[in-house]
Amino acid sequence: MPTLEFFLVCRAVTRDLFTDEITLSGVLEDIVLEADGMAQLPSAVAVAAWNAEPKSDPTDLQVMLRITRPGETKGLTFPMNLAKGHNRYRAIFAISGIPLAEPGELLFEVLLNAEPCASHRVFVHPPGSAPPTPPFPDELPPI
Amino acid sequence: MNHSFLNQLLSEPFRAEVGFLLPPAALRRRLQRLSLVRDVHLAVRVGIVRCEHVRAFVTEATRDFRAGELLPNEAALAALAVALETCPQDFAEQYLLDLAKLKLAEVATAARVSRECLLARYSRPKTQTLQRAFPVPPDRVRVERVTTRRGTRRTGYEASKVVRFDAAGSC
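The paragraphs below set out a description of the structure included in this document.

**Remarks on the overall build of chain B**
Inference 1: Across its full length, chain B carries eight helices and five strands.
Inference 2: Going from N to C terminus, chain B has its helices and strands arranged as α-α-α-α-α-α-α-α-β-β-β-β-β.
Inference 3: Expressed as a percentage of its 171 residues, the buried residues of chain B come to 28%.
Inference 4: For chain B, long-range pairs separated by at least 24 residues make up 67% of all intrachain contacts whose partners lie at least 6 apart in sequence.

Set out below in structure tokens:
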């Protein structure tokens, strides 16, 4: 059974055609609703990677991304198959236009063969509230 | 049938650019930096260079094969292996496997470069991508009239105000 290496949700991913390396930009942490109490997340890209046992038989795996919006108990799922391949698997889910209508926790979960692997929480703040800011320079601990 | 990108791999300027045949790992890194190899890689990625082009290229490159003599176009075969290393197409993998299996002294360096490429190819993750729009129940979709910069009013997809989700379901 492959072991999860990482799972992150961000705004965009770029992939180097030559080296196959990925760059994640804008990791999602906080979203503030607009004045009318709603917001739309233009795009969210969830990236997950698994390491497979080198000698294990390559089998198809089903990966699922589950998005649970604030105030909901049952999330929406986006299934995908990972074809048999090499030593590592990587799944990239690009979901556009996630509507948000109330503050709370926007939960992204990744499941491998229906078993939860990891989750990423994004905090949705009410209109007018600023997301947490880093401490002022004089509050920073000495190096 | 051949392609100009691939033809350039057989040219004398390219052979001069590659220079001496280095050990396989070093030669692979050297070839990765050459702009022509990167161009071939991109051409394969976007579908300009296809399976039949590669077949024709291999036929052309091995035309001067003579037993007991180094193949003059060995660098070109190695360069194509490097170009195909990360390409997802089946023929790319088949080319690497076929070249790596060769046990001929005439193309020993190209075969070893191909083995290096296969090792790197198998150590990379296999990436699957899914792109979806978040579905919104039709009864909760509201298409707003938006004003364009020219002042004309029309209904359509414009900015983020077009499709909105109303939690109260009052649309």
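**Overview of the packing of helix 3 (residues 24–32) of chain B against helix 6 (residues 74–84) of chain B**
Residues and elements named next belong to chain B.
Inference 1: At a minimum axis distance of 9 Å, the contact between helix 3 and helix 6 shows a crossing angle of 70°. The angle between the axes of helix 3 and helix 6 places the two elements in the roughly perpendicular class. Every residue of helix 6 that contacts helix 3 at L27, R28, L31 and Q32 is listed here: A78, A79 and V82.
Inference 2: Among the residues making up the contact of helix 3 with helix 6, the classes are represented as five nonpolar, one polar and one charged.

**Some thoughts on the sheet that holds strand 4 (residues 39–51) of chain A**
Inference 1: Spatially, 2(A)-1(A)-4(A)-7(A)-1(B) is the arrangement adopted by the five strands of the open sheet, whose pairing is mixed. Unpaired on one side and paired on the other, strand 2 (22–27) of chain A together with strand 1 (125–133) of chain B mark the two borders of the sheet. Strand after strand, the sheet turns through a mean of 35° between neighbouring axes, direction not considered.
Inference 2: Pairing analysis gives five bridges linking strand 1 (residues 3–15) of chain A to strand 2 of chain A, with the strands arranged antiparallel. By the bridge assignment for strand 2 of chain A, C10 of chain A is matched with V27 of chain A.

**Points about unusual backbone geometry**
All names here are of chain A.
Inference 1: For N113, which is not glycine, the phi torsion reads 50° and is therefore positive.
Inference 2: Among the secondary structure elements, N113 is positioned in the loop between strand 8 (104–112) and strand 9 (115–125).
Inference 3: Assessed through the 14 C-beta atoms surrounding it within 10 Å, N113 is described here as partly exposed.
Inference 4: Its identity as a non-glycine residue notwithstanding, A114 has a phi of 70°, on the positive side.
Inference 5: Inspection of the secondary structure puts A114 in the loop between strand 8 and strand 9.
Inference 6: Look at A114 and you get exposed, because 8 C-beta atoms sit within 10 Å.

**Some details on the interface of chain A and chain B**
Inference 1: The interface is formed by 28 residues belonging to chain A together with 25 residues belonging to chain B.
Inference 2: Within the residue set of the side of chain A that touches chain B, elements represented by two or more residues are strand 4, strand 6 (76–82) and strand 7 (88–100) of chain A.
Inference 3: In terms of residue class, the side of chain A that touches chain B is built from 18 nonpolar, six polar and four charged.
Inference 4: Across nine bridges, the pairing between strand 7 of chain A and strand 1 of chain B is parallel. Opposite S96 of chain A, over in strand 1 of chain B, you have A133 of chain B as the bridge partner.

**Things to note about the pairing of strand 4 of chain A**
Residue and element names in this part refer to chain A.
Inference 1: Across seven bridges, the pairing between strand 1 and strand 4 is antiparallel. Its bridge partner lying in strand 4, F7 is registered against A48.
Inference 2: Relative to strand 7, strand 4 is paired through 12 bridges, and the arrangement is antiparallel. Residue V47 lies in a different strand from strand 7, and its bridge partner there is I92.

**Details of helix 7 (residues 90–101) of chain B**
All names here are of chain B.
Inference 1: With 12 residues, helix 7 should cover 16 Å at 1.5 Å per step; its first-to-last C-alpha distance of 17 Å lies within 8% of that length.
Inference 2: Listing the buried residues of helix 7 in full gives A92, Y95, L96 and L99. Along helix 7, the residues classed as buried sweep out an arc of 95° about the axis, all on the same side. In this structure, helix 7 carries D90, L97, D98 and K101 as exposed residues pointing more than 90 degrees from its buried face.
Inference 3: Against helix 4 (35–45), helix 5 (51–61), helix 6 and helix 8 (108–123) lie the buried residues of helix 7.

**Focus: the nonpolar core**
Inference 1: Counting 34 residues, the largest nonpolar core has A78, A79, L80 and A81 of chain B as the members making the most contacts within it.
Inference 2: Of all the secondary structure elements, the ones that give two or more residues to this core are helix 1 (4–9), helix 3, helix 4, helix 5, helix 6, helix 7 and helix 8 of chain B.
Inference 3: Those residues within four positions of A78 of chain B in sequence are excluded, and the remaining contacts are L27, L31, T109, A110 and V113 of chain B.
Inference 4: Listed in part, the 29 residues of the second largest apolar core include V45, V47, A48 and L100 of chain A.

**Here we look at the packing of helix 4 of chain B against helix 6 of chain B**
Residues and elements named next belong to chain B.
Inference 1: Two elements in contact, helix 4 and helix 6, have axes separated by 8 Å at closest approach and are oriented at 50°. On the basis of the axis angle, helix 4 is oblique to helix 6. Remark: the crossing between helix 4 and helix 6 carries right-handed chirality. In this structure, helix 4 contributes V37, V40, H41 and V44 to the contact, and helix 6 contributes A79, L80, V82, A83 and L84.

What counts and what doesn't
Residues numbered from 1 in each chain as written. Chains lettered and ligands numbered in written order. Predicted model: local features only at pLDDT ≥ 70, side-chain atom pairs only at ≥ 80, totals over all residues. Helix = DSSP H or I, 4+ residues; strand = E, 2+ residues; numbered from the N terminus. Buried ≥ 20, exposed ≤ 12 C-beta atoms within 10 Å, placed from the backbone. Contact = placed C-beta atoms within 7 Å. Axes fitted to C-alpha atoms, helices over the stretch in contact; angles between N-to-C directions. Parallel < 35°, antiparallel > 145°, perpendicular 65-115°, else oblique. Nonpolar A, V, L, I, M, F, W, Y, C, P; charged D, E, K, R; others polar. Pairing = 2+ DSSP bridges. Expected span 1.5 Å × (residues − 1). Arc of directions from axis to C-beta. Core = buried A, V, L, I, M, F, W, Y, C linked by C-beta atoms within 7 Å. Left-handed = near helix turned anticlockwise from the far one by under 90°.

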